[in-house]
Amino acid sequence: MAEIIDGKAFAQNLRKRITGQTAQLKNETNIQPGLATILVGEDPASHVYVRNKNKQTKAVGMASFHHELPAETTQQALLTLVDELNRDDAVNGILVQLPLPAHIDPMTVINAIDPDKDVDGFHIHNVGKLAIGEPGLVSCTPLGCLMLLKDQLGELSGKNAVIVGRSNIVGKPMAALLLQQHCTVTIAHSRTRDLAGVCRRADILVAAVGRPEMIKGDWVKPGAVVIDVGINRVEIDGKAKLVGDVDYAAAAEHAEAITPVPGGVGPMTIACLLYNTYQATCMQHDMAERMMDL
Ligand code: NDP
């Protein structure tokens, strides 16, 4: 039976380390990292996510600045707010919660954020830096997956990594991170032929598809490490339940280690957002020596 990779405990420990580093930074330099969040519109799930982010930001000792705008906000008004936050020295990280209302182009807004404050790692400059292997801010969910993998496996060099899913926020940055770690990387997607066969070659299998339990147990190579990014709400016996993209029970029969859903990758995302905010603060103040290790 596979070892369970406890993302909840890992994230808690990471937040504890960030709390310590933040307190030390404040004591020794009087600098308090600050994260600004912008929420446009009434999407209930987004409200829950942002509330959680703000709560956890304060809990690690950082300043939290929250801006809530009505759904009819114009793109120009949003860009004006982003510009103000770019110039505000108390703000080290800026997060625009997605999705935005349909009349606003998300990439125009994301690319208006100062890349040094782009703690979601979505700005085209940070995406480019990741692609060519330069240090920059990296998308939180794949960064969290990498932390879990390094903790589980130590050295990743030479491993066969298969990532199912090629989105800009998970699949592609995950592939770039694992390539940087010297894995042999395959990205699979909806047009991939013989997906089961491709998955069976993976020492590291990352599922980021958004389809409940699509990855079957016998697609997992014996001894592989499985990271399930998927969060799917399904109804089982009339009860709502969260399941991943991997058939957990069956995959656990084959894998060496596997992340559960919930409690695996999910809790890592906000912890990595706080990690990025701390790192961004250090970078903005030329304090590379204070930055945290991966
Ligand atoms: P997207 O919908 O943007 O991308 C899904 C990817 O899966 C696409 O590349 C698509 O291929 C591929 N895909 C779809 N169907 C198949 C199939 N039958 N076989 C092979 N590949 C397929 O999703 P995201 O990357 O945004 O999210 C993926 C999952 O991760 C979701 O469940 C989401 O909720 C979850 N998630 C969790 C986070 C967290 O833990 N905090 C954060 C972000 C996402 P193609 O490109 O060809 O269409």
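Parameters and conventions
- Residues numbered from 1 in each chain as written.
- Predicted model: local features only at pLDDT ≥ 70, side-chain atom pairs only at ≥ 80, totals over all residues.
- Heavy atoms only, no water.
- Helix = DSSP H or I, 4+ residues; strand = E, 2+ residues; numbered from the N terminus.
- Rg over C-alpha atoms; globule rule 2.2 N^0.38 Å.
- Buried < 20%, exposed > 50% of the residue type's maximum accessible area, 1.4 Å probe, protein only.
- Contact = heavy atoms within 4.5 Å.
- Areas by Shrake-Rupley, 256 points an atom, 1.4 Å probe, with all protein chains shown as cover.
- Expected span 1.5 Å × (residues − 1).
- Axes fitted to C-alpha atoms, helices over the stretch in contact; angles between N-to-C directions.
- Parallel < 35°, antiparallel > 145°, perpendicular 65-115°, else oblique.
- Nonpolar A, V, L, I, M, F, W, Y, C, P; charged D, E, K, R; others polar.
- Pairing = 2+ DSSP bridges.
- Right-handed = clockwise from strand over helix to strand, strands pointing away.
- Domains from an automatic or database assignment.
- Near = heavy atom within 4 Å.
- Polar contact = N/O pair within 3.5 Å; in protein donor to acceptor, adjacent residues only side chain to side chain.
- Salt bridge = Lys/Arg side-chain N within 4 Å of Asp/Glu carboxyl O.

> Just to check I follow, could you spell out the overall build of the chain for this structure?
Broken down by element type, the chain carries 10 helices and 11 strands. On C-alpha atoms alone, the chain measures out to a radius of gyration of 19 Å, which is about the 19 Å that the 2.2 N^0.38 rule sets for 294 residues. Sorting the 294 residues of the chain into buried and exposed places 49% on the buried side. Here the analysis covers contacts within the chain between residues at least 6 apart in sequence; of these, 68% occur between residues at least 24 apart. When the accessible surface of the chain is totalled, it reaches about 13,900 Å², and 51% of it is carbon and sulfur.

> Please explain helix α2 (residues 44–59) as it appears in this structure.
Residues lying three or four places apart along an α-helix face the same way, a consequence of the helix completing one turn every 3.6 residues. Its 16 residues place the ends of α2 23 Å apart at the C-alpha level, agreeing with the 22 Å of an ideal helix rising 1.5 Å per residue. On its buried face, α2 sits against α1 (7–29), β2 (34–40), β3 (63–69), β4 (93–96) and α10 (266–284). Just beyond α2, the residue with positive phi is G61, at close to 95°.

> Quick question: what am I supposed to make of the packing of α1 against helix α6 (residues 140–153) here?
Any two packed helices are characterised by the angle at which their axes cross and by the distance between the axes. Two elements in contact, α1 and α6, have axes whose closest approach is 11 Å; the angle formed by their N-to-C orientations is 100°. Our classification of the angle between α1 and α6 gives roughly perpendicular. On α6, the residues that touch G7, F10 and L14 of α1 are M147, L148 and D151. Taken together, the residues that form the contact of α1 with α6 break down as four nonpolar, one polar and one charged.

> Even after reading the chapter, I still don't get the sheet that holds β4, so can you show me in this structure?
In a beta sheet, neighbouring strands pair by backbone hydrogen bonds and run either parallel or antiparallel. A sheet is described by the order of its strands in space; here three strands give the open sequence β3-β2-β4, paired in parallel fashion. One side of each edge strand has no neighbouring strand; the edge strands of this open sheet are β3 and β4. Across the sheet, the mean angle separating the axes of adjacent strands is 15° when strand polarity is ignored. Note: β2 against β3, seven bridges, orientation parallel. Bridge assignment links I38 to a residue of β3, and that residue is H67. Contacts between helix α3 (residues 75–87) and the sheet are confined to β2, β3 and β4, with β2 contributing the most and set at about 175° to the helix.

> Sorry, what's going on with the pairing of strand β6 (residues 184–188) here?
Side-chain positions along a regular strand alternate between the two faces of the sheet. For strand β5 (residues 160–164) and β6, the ladder comprises five bridges, and the chain directions are parallel. Along β6, the bridge assignment pairs V164 with A188. Handedness of the β5-helix α7 (residues 171–180)-β6 crossover: right-handed.

> Quick question: what am I supposed to make of the sheet that holds strand β11 (residues 257–258) here?
The strand order across the open sheet built from six strands is β1-β11-β8-β7-β5-β6, with neighbouring strands paired in parallel fashion. Single-partner strands in this sheet number two, and they are β1 (3–4) and β6. The pairing of β1 with β11 spans two bridges and is classified as parallel. Paired with I4 across the bridge in β11 is I258. Running at roughly 170° to β5, α7 makes contact with β5, β6 and β7 (204–207) of the sheet.

> How should I be thinking about the domain arrangement of the chain in this particular structure?
How big an interface is tends to be expressed through the accessible area that disappears when the partners come together. By the assigned domains, the chain splits into domain 1 (28–115) and domain 2 (140–267). Between domain 1 and domain 2, the C-alpha centre-to-centre distance is 29 Å.

> Would you mind going over the site of the ligand with me for this structure?
Lining the immediate surroundings of the ligand are 22 residues, of which R166, S167, S190, R211 and T269 lie closest. Here an oxygen atom of the ligand sits 2.5 Å away from a polar atom, N or O, in the side chain of S167. R211 has a polar side-chain atom sitting 2.8 Å from a nitrogen atom of the ligand. Within the complex, the protein chains bury 70% of what would otherwise be the 930 Å² of accessible surface of the ligand.

> Would you take a moment to explain the pattern of salt bridges for this structure?
Between side chains of opposite charge, pairing is possible as soon as their charged atoms come close. Across all of its chains, the model carries four salt bridges by this definition. A salt bridge links R290 to E28; the nearest nitrogen and oxygen atoms lie 2.9 Å apart. Here the residue R290 occupies a position in the segment after α10, and E28 occupies one in helix α1, the gap between them amounting to 262 residues. Here R290 falls in the buried class, since its relative accessible area comes to 19%. As a salt-bridge pair, K221 and D203 come within 2.7 Å of each other at their nearest N and O atoms. Residue K221 is located in the loop between β7 and β8 (225–228), and its partner D203 is located in the loop between α8 (195–200) and β7; the two are separated by 18 residues in the primary sequence. Taking relative accessible area as the criterion, K221 reaches 29% and is therefore assigned partly exposed.

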